[in-house]
Amino acid sequence: MQITLIAIGKNMSSWVCEGYAEYAQRMPNDYHLELIEITPEKRTKNSDLTKIMSIEETKITASIPKGNYCIALDRIGRTMDTKTLAKRLQTWHDNQQSICFIVGGPEGLSDTFLKSADETWSLSAMTLPHPLVRIVLSEQIYRAWTITINHPYHR
């Protein structure tokens, strides 16, 4: 099963890269977690943010592997508990369905993009720093997998 995380942002701090890598590397071979980083557009105080979001969303769309089930992450999306994520992850694995998670730039994702996704989830009602989202999501995917195999990590 291929799990892809597509995120706006490159050149993250070492703690972000190390945190994400820690959990991505723990995943077994049949649950491959991959990060695709997209270079953000340059922003100035006079930038047209709608245009920037559109350009970034075009890059995101081009990066989505064919046939993937897409889940956009947004503060106002549906919340998911870890045990439910574990069940969904197992179902996707059993059905050989590849999935991708989308993290937008500083302004988030447009309403149009969110509506085009298969689902929209929220990791928290709080606004999280986007670099931290990579670590939280990779840890939750790892935790969900450990639940499916009854591994003691979750306890």
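Novice: Please clarify how the sheet that holds strand β4 (residues 99-103) should be interpreted in this entry.
Specialist: Adjacent strands of a sheet form backbone hydrogen bonds with each other and so pair up, either parallel or antiparallel. Taken together, the five strands give an open sheet; going across it, the order is β2-β1-β4-β3-β5, and neighbouring strands pair in parallel fashion. This sheet does not close on itself; its edge strands, each paired only once, are β2 (32-38) and β5 (119-122). Across the sheet, the mean angle from the axis of one strand to that of its neighbour is 30°, orientation sign disregarded. Note that strand β3 (residues 69-79) and β5 share five bridges and pair parallel. For Arg78, the partnering residue across the bridge sits in β5 and is Trp121.

Novice: Looking at this structure, how should I read the confidence of the model for the protein?
Specialist: A low pLDDT means the predicted coordinates there should not be read in detail. Summing up the model confidence of the protein, the mean pLDDT is 95 and the portion of residues at 70 or higher is 99%. Mean pLDDT values for the elements of the protein range from 95 in β3 up to 98 in β4.

Novice: Got a minute to help me understand the layout of surface pockets in this structure?
Specialist: If a probe the size of a water molecule is rolled over the atoms, the empty space left behind becomes visible. Reported here for the largest pocket is a volume of approximately 300 Å³. Along the walls of the largest pocket sit 18 residues, with Leu73, Asp74, Arg75, Thr127 and His130 positioned nearest its centre. Secondary structure elements with two or more residues in the lining of the largest pocket: β3, β5 and α5 (130-148). At four residues, β3 tops the list of elements feeding residues into the lining of the largest pocket. Looking at the lining of the largest pocket, its residues break down into nine nonpolar, six polar and three charged.

Novice: Looking at this structure, how should I read helix α3 (residues 82-94)?
Specialist: Since one α-helical turn is 3.6 residues long, residues separated by three or four positions face the same way. With 13 residues, α3 extends 18 Å from end C-alpha to end C-alpha; this agrees with the ideal 18 Å at 1.5 Å per step. Looking at α3, one finds that the buried residues are Thr82, Leu85, Ala86, Leu89 and Trp92. Buried residues of α3 fall within an arc of 130° about the axis and therefore sit on the same side. Residues of α3 that are exposed and point over 90 degrees away from its buried face: Lys83, Lys87 and Asp94. Contact partners of the buried residues in α3: β1 (2-8), β3, β4, β5 and α5. Two or three places before Lys83, at the opening of α3, Asp81 has a side-chain oxygen 3.1 Å from that residue's backbone nitrogen. Phi for Gln96, located one or two positions after α3, is positive at around 55°.

The rules we used
- Residues numbered from 1 in each chain as written.
- Predicted model: local features only at pLDDT ≥ 70, side-chain atom pairs only at ≥ 80, totals over all residues.
- Heavy atoms only, no water.
- Pairing = 2+ DSSP bridges.
- Helix = DSSP H or I, 4+ residues; strand = E, 2+ residues; numbered from the N terminus.
- Axes fitted to C-alpha atoms, helices over the stretch in contact; angles between N-to-C directions.
- pLDDT = per-residue confidence, 0-100.
- 1 Å grid on protein atoms, 1.4 Å probe; cavity = no way out; pocket = protein on both sides within 12 Å on 5 of 7 lines; lining within 4 Å.
- Points joined across faces, edges and corners; volume = space filled by probe spheres on them.
- Nonpolar A, V, L, I, M, F, W, Y, C, P; charged D, E, K, R; others polar.
- Expected span 1.5 Å × (residues − 1).
- Buried < 20%, exposed > 50% of the residue type's maximum accessible area, 1.4 Å probe, protein only.
- Arc of directions from axis to C-beta.
- Contact = heavy atoms within 4.5 Å.
- Polar contact = N/O pair within 3.5 Å; in protein donor to acceptor, adjacent residues only side chain to side chain.

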